[in-house]
Amino acid sequence: MSEDRFTTERDGFGRLLADRDVWRQAASIAAAGELTARWLEGSSQYQPGTFAPGFDDETTAIAGQLARLNRNGLFTKESQPGVQAEGLAQRAYVTGFCSPETASALLDLSARSDMVTVAHAPGEASSASIPVTVQDDAVVTVLGSSEGPVDEEQLKDWAAESNEALALVLADAWYVEIFDPVWGRNTVLLPAVLEALQSH
């Protein structure tokens, strides 16, 4: 009876506690990537730092591609598709944690294509502002800021949402932001990132 309650019990955000328990064992970028891929494929209802059991509607069309990136060395954190619509313009982008070798491969992508990679070394605190979403002529989303758990508060948040070992791994990981500079284009970025990940 209590085991059944555990498999159906949810936290205050609606996330399944049984799926959260699996994150307690994840202690590498590869393990975090695999669990993120499962969440993107709909077989998990817990993702650290995402305070809902699933992802938002705009991710649906790119979820499968993001799952492949997660299984190829990039533990993704944020993303959006390219959109050009009434009052809204978005550049396609994806961000995530990775090894130095993966960061190097993604920087190389910038050297041989028009995709742009911004790479942040472990512990680096940076605060550039590259617009990637404009709504009604106002910039609403920017890239360029490091997102790694570089301070004690962020480390505690990651440890609470996953586990302490993974928080420490992420503190030592590179954080990358890759975007398509062409507003509204949605077919180029994710395949290019996957190719870069698989080629290194």
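Throughout what follows, the structure given in this document is the object of discussion. (Residues numbered from 1 in each chain as written. Predicted model: local features only at pLDDT ≥ 70, side-chain atom pairs only at ≥ 80, totals over all residues. Heavy atoms only, no water.)

**With respect to the pattern of salt bridges**
The following threshold applies: Here, a salt bridge means any side-chain nitrogen of Lys or Arg that lies within 4 Å of a carboxyl oxygen of Asp or Glu. The numbering of helices and of strands both runs from the N terminus, where a helix is a DSSP run of H or I of at least 4 residues and a strand a run of E of at least 2. Accessible area is worked out with a 1.4 Å probe on protein chains only. A residue is then buried under 20% of its type maximum, exposed over 50%, and partly exposed in between.
Going through the model one piece at a time under the given rule, you end up with 10 salt bridges. Close ionic contact of Arg 15 with Glu 161 constitutes a salt bridge, the shortest N to O distance being 2.8 Å. Here the residue Arg 15 occupies a position in the loop between helix 1 (2–8) and helix 2 (17–23), and Glu 161 occupies one in helix 6 (residues 152–161), the gap between them amounting to 146 residues. Of the residues examined, Arg 15 reaches a relative accessible area of 2% and is grouped as buried.

**A word on the sheet that holds strand 2 (residues 83–85)**
To keep it simple, the criterion reads: For two strands to pair, DSSP has to find at least two bridges joining them. Lines are fitted to the C-alpha atoms to define the axes, a helix being fitted only along its stretch in contact, and any angle between axes, read from their N-to-C directions, falls within 0 to 180 degrees.
Spatially, 2-3-6-7 is the arrangement adopted by the 4 strands of the open sheet, whose pairing is antiparallel. Two strands in the sheet have a free side with no partner beyond their single neighbour: strand 2 and strand 7 (138–145). Taking the axes of each pair of neighbouring strands and ignoring which way they run, one obtains an average angle of 30 degrees across the sheet.

**A closer look at the sheet that holds strand 8 (residues 174–179)**
Heads up, the condition is: In this description, contact between two residues means that some pair of their heavy atoms is separated by no more than 4.5 Å.
In space, the 4 strands of this open sheet follow the order 1-4-8-5, with antiparallel pairing throughout. A strand with exactly one partner marks an edge of an open sheet, and here the two such strands are strand 1 (75–80) and strand 5 (116–120). Taken over all neighbouring pairs, the strand axes of this sheet differ in orientation by 15 degrees on average, direction set aside. Packed on one face of the sheet, helix 8 (residues 189–199) meets strand 4 (93–98) and strand 8 and runs near 25 degrees to strand 4.

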